[in-house]
Amino acid sequence: GAVVSQHPSWVICKSGTSVKIECRSLDFQATTMFWYRQFPKQSLMLMATSNEGSKATYEQGVEKDKFLINHASLTLSTLTVTSAHPEDSSFYICSARRDLNSPLHFGNGTRLTVT
Amino acid sequence: QKEVEQDPGPLSVPEGAIVSLNCTYSNSAFQYFMWYRQYSRKGPELLMYTYSSGNKEDGRFTAQVDKSSKYISLFIRDSQPSDSATYLCAMSAGNQFYFGTGTSLTVIP
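Read on for a plain summary of the structure. Treat the numbers as computed from the prediction; the structure is a model and nothing was measured. (Residues numbered from 1 in each chain as written. Chains lettered and ligands numbered in written order. Predicted model: local features only at pLDDT ≥ 70, side-chain atom pairs only at ≥ 80, totals over all residues. Heavy atoms only, no water.)

### So, the side chain of Ser95 of chain A
Residue and element names in this part refer to chain A.
Then step 1. If you trace the backbone, Ser95 turns up in strand E9 (residues 90-97).
Then step 2. Residue Ser95 is classed as buried on the basis of its relative accessible area of 0%.
Then step 3. Sequence-distant contacts of Ser95, defined by excluding residues within four places in its chain, comprise Thr32, Met33, Phe34, Tyr36, Leu104, His105 and Phe106. (Helix = DSSP H or I, 4+ residues; strand = E, 2+ residues; numbered from the N terminus. Buried < 20%, exposed > 50% of the residue type's maximum accessible area, 1.4 Å probe, protein only. Contact = heavy atoms within 4.5 Å.)

Shown next as structure tokens:
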């Protein structure tokens with residue numbers, strides 16, 4: 001099956017620092033990767049969609065200068081939370097798909113806690 | 001009206017029961033239909049992926065799609081305590097994915 005690896009699985013950082021989260025598709029090339037945020041007992045909230053080599057498309061209300069997304073290759077996308085604040089504490093999940101006829105495969109998420 | 005409606009539960013069943021999870025949708029452009037299982041503090045895991053109306057079976061899981069009624073179901077036979085999780089339905093059209101809010105399932109030994 002398709003495997004998506006997300007790292008780190010959890011991170012604690014101080015307010016004002018930046019945190020980078022990596023998402024890798026291990027056994028397929030992902031034309032598109034998606035970043036989600038999930039609050040407790042709620043469904044997935046799409047933050048941005050990224051295609052390899054292109055700028056990410058952000059959803060309304062998501063600050064692109066705060067949540068920097070880089071999709072450097074067909075197997076790697078990164079999300080950097082810049083100048084993190086406690087309200088950025090959340091569960092961030094990446095996903096990837098091979099092509100338009102393929103389903104999404106998710107990473108195991110990163111729990112970010114900003115103190 | 002939301003694009004995808006899913007009963008949030010919670011749903012509690014005894015071990016061995018048949019579980020039925022359902023979602024309705026409003027957008028007839030949806031082409032692909034998925035069910036994911038999500039354990040606490042983990043990412044969603046793909047269970048079933050279907051395209052056309054009808055049934056698709058994989059082990060104890062059966063996914064059913066009725067495009068005319070805009071209704072999809074996931075059946076779990078012989079439910080096990082390890083099936084206790086949140087189940088998310090999802091639908092897609094192009095690169096747009098829409099998720100249900102998830103149904104929390106507990107299987108009691």
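Now that the structure is up, let's keep going.
### Focus on the state of the cysteines
In a disulfide, the sulfur atoms of two cysteines are covalently bonded to one another.
Then step 1. Taken as a whole and judged by the stated rule, the model has two disulfides over all chains.
Then step 2. Note that Cys23 of chain A is cross-linked by a disulfide to Cys94 of chain A, the S-S spacing being 2.0 Å. Residues Cys23 of chain A and Cys94 of chain A are joined by a disulfide whose S-S torsion is about 80 degrees; by sign, that bridge is right-handed. Residue Cys23 of chain A is found in strand E3 (residues 19-25), and its partner Cys94 of chain A is found in strand E9; the two are separated by 71 residues along the sequence. Of the two residues examined, Cys23 of chain A and Cys94 of chain A, each falls in the buried class.
Then step 3. With its sulfur 2.0 Å from that of its partner, Cys23 of chain B forms a disulfide with Cys89 of chain B. In this structure the cystine formed by Cys23 of chain B and Cys89 of chain B twists about its S-S bond by roughly -100 degrees; its chirality is therefore left-handed. Of this pair, Cys23 of chain B sits in strand E3 (residues 19-25) while Cys89 of chain B is found in strand E9 (residues 85-93), placing the two residues 66 residues apart along the sequence.
Then step 4. Classification of Cys23 of chain B as buried rests on a relative accessible area of 1%.
Then step 5. Taking the relative accessible area as the measure of exposure, Cys89 of chain B reaches 0% and is therefore buried. (Disulfide = S-S within 2.5 Å.)

### Side note on unusual backbone geometry
All names here are of chain A.
Then step 1. With an omega dihedral of 0 degrees, the bond running from His7 to Pro8 counts as a cis peptide bond.
Then step 2. The topology assignment puts Pro8 in the loop between strand E1 (4-7) and strand E2 (10-13).
Then step 3. Positive phi outside glycine occurs at Lys41, with the angle close to 60 degrees.
Then step 4. Lys41 sits in the exposed class, given a relative accessible area of 89%.

### Considerations on the nonpolar core
Generally speaking, soluble globular proteins have nonpolar side chains that are buried together.
Then step 1. Ranked by internal contacts, the top residues of the largest apolar core, which has 24 residues, are Trp35, Phe67, Leu79, Tyr92 and Leu112 of chain A.
Then step 2. Mapped onto this core, the elements with two or more residues apiece are E2, E3, strand E4 (32-38), strand E5 (44-51), strand E7 (67-73), strand E8 (76-81), E9 and strand E11 (110-114) of chain A.
Then step 3. Core analysis: the second largest hydrophobic core is formed by 23 residues, Val19, Ile72, Ala85 and Tyr87 of chain B among them. (Core = buried A, V, L, I, M, F, W, Y, C linked by side-chain atoms within 4.5 Å.)

### Overview of the packing of aromatic side chains
Residues and elements named next belong to chain B.
Then step 1. Counted according to the given criterion, the structure contains 12 aromatic pairs over all chains.
Then step 2. Ring geometry for Phe30 and Tyr98: centres 5.2 Å apart, planes at 50 degrees, overall tilted. Of this pair, Phe30 sits in the loop between E3 and strand E4 (32-38) while Tyr98 is found in strand E10 (residues 96-99), placing the two residues 68 residues apart along the sequence.
Then step 3. Both rings, one in Tyr32 and one in Tyr51, keep their centres 5.1 Å apart while their planes meet at 45 degrees; by these two values the pair is tilted. (Phe/Tyr/Trp six-rings, centres within 6.5 Å; stacked < 30°, edge-to-face > 60°.)

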